[in-house]
Amino acid sequence: MKLEIAVLSGDGIGPEVTEQSKKVLDAIAHKFDHTFIYKEALVGAIAIDKTGNPLPDETLDICGNTDAVLFGSIGHPKYDNDPSAKIRPEQGLLKLRKSLGLYANIRPVKAYETLLDKSPLKKEIIEGTDISIYRELTGGIYFGEKNLSKDGNTASDLCEYSKHEIERIAHLAFKAAHSRSKKLTLVDKANVLESSRLWRKVVTEIGEKYPEVALDFLFVDNAAMQMILNPSQFDVILTENMFGDIISDEASVIGGSIGLLASASIGDKFALFEPIHGSYPQATGKGIANPIASILSAAMLLEHFELSEEAELIRNAVDKSLKLKISTPDINTEYDNVTTSKVGDFIADYIEYPEDTNINFQNIHIGQSTII
Ligand code: IPM
Ligand code: MN
């Protein structure tokens, strides 16, 4: 298969983790005889520095004319600490999501057997956790009308949803639940918010078309608590934009590091794949950023094009790297010489020579491996 991939590596650790994903995609291309062509484009703070715009027209144009987007991360402390900044890196990502119509953000969360002791939660609580979060991505309070009064003392952000916006992601979430454990939880705040009551009504109606899927509802405050108390009770979680943003960051600690969580943002025409972590400026250039979230996002990209065997091989390679502790310091306290790039090398090598793994990777940490 030939795929043109727009690569928007962005700010902070974005470029270094995306580099690893390209390495891994190249190994897949080589092994399975695919052609992946990368078109690099600017986004975020680096785009502001170079063009004054966090999402230059050229970038949008490249994204609109390629098969998929591989995104790194955006953000820079100089904007985080300046609430008066009119142009911000995040605007680039939000405009990109809106312009490409990427209304469904899918964030898988799982507890890896080999990392159970890395989680801040108890092993017996997180064991067996496997959640797929469906976060609405182009509506709600993120995109509603914003106001700041003339005197600067009053501000508002409108949370608005239409039936149509709820329906289209609900169908995707029900289909996903149907192919998994057949349980869907709608997370909302229907005891307080009118928009949440619309979500409940519309999702309940759609649920009638998926009688095999058990639908239940949870207020977001309770969901935040349940995520820590008993995360393995969840299968598919469906929720609006802001709740999904918060709940998915919370869920990310279950696996032991936010550096493991991938995501896919899907619309009717376009698709974008990105790690859920941010730009982690303190780690930039130090070789300590975990590339797994980006690499697993690349696997989701392949899955999107029905290259399931390829995607599975990436996931197996990731599992192997975790088992052998070829991991960055966020999840590896035993070996301190494993850099971002070494993790990428290992995963790419495993993809090309999985059969050599058991022979050659045993002594990896004492430098005797023939692979890295
Ligand atoms: C995310 C991020 C973004 C969001 C920011 C960078 C705008 O936190 O993808 O979760 O809030 O959606
Ligand atoms: Mn977020």
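Quick summary incoming for the structure in this document. Every value quoted in this text rests on a predicted model; they were computed, and no experiment measured them.

### Regarding the packing of aromatic side chains
Each aromatic ring pair is specified by the distance between its two centres and by the angle formed by the two planes.
Next, step 1: The full count for this structure, using the stated rule, is three aromatic pairs.
Next, step 2: Seen in terms of ring centroids, Tyr161 and Trp199 are 5.1 Å apart; in terms of plane orientation they differ by 85°. Their pairing is edge-to-face. Here Tyr161 is found in the loop between β7 (155-157) and α7 (163-179), whereas its partner Trp199 is found in helix α8 (residues 194-207), with 38 residues between them in sequence.
Next, step 3: Overall, Tyr161 belongs to the buried group, its relative accessible area being 9%.
Next, step 4: Judged by its relative accessible area of 2%, Trp199 falls in the buried class.
Next, step 5: Against the face of Tyr38 rests Lys22, its NZ or CZ located 5.6 Å from the ring centre.

### Considering the environment of Thr239
Next, step 1: Among the secondary structure elements, Thr239 is positioned in strand β10 (residues 236-239).
Next, step 2: Each C-alpha atom of the pair Thr239 and Arg135 lies 5.2 Å from the other, and the pair is 104 residues apart in sequence.
Next, step 3: Once residues within four sequence positions are removed from consideration, Thr239 is found in contact with Tyr134, Arg135, Glu136, Val187, Trp199 and Gly244.

### A closer look at α7
Next, step 1: Over its 17 residues, α7 runs 24 Å from end to end, which matches the ideal 24 Å to within 8%, given 1.5 Å per residue.
Next, step 2: Turning to α7, its buried residues are Glu165, Ile166, Ile169, Ala170, Ala173, Phe174, Ala176 and Ala177. Looking down the long axis of α7, one finds its buried residues gathered within 160° of arc, a one-sided arrangement. Exposed side of α7, more than 90 degrees from the buried face: His164 and Ser179 are the residues found there.

Each value, and the rule that gives it
- Residues numbered from 1 in each chain as written.
- Chains lettered and ligands numbered in written order.
- Predicted model: local features only at pLDDT ≥ 70, side-chain atom pairs only at ≥ 80, totals over all residues.
- Heavy atoms only, no water.
- Phe/Tyr/Trp six-rings, centres within 6.5 Å; stacked < 30°, edge-to-face > 60°.
- Helix = DSSP H or I, 4+ residues; strand = E, 2+ residues; numbered from the N terminus.
- Buried < 20%, exposed > 50% of the residue type's maximum accessible area, 1.4 Å probe, protein only.
- Lys NZ or Arg CZ within 6 Å of the ring centre and 35° of its normal.
- Contact = heavy atoms within 4.5 Å.
- Expected span 1.5 Å × (residues − 1).
- Arc of directions from axis to C-beta.

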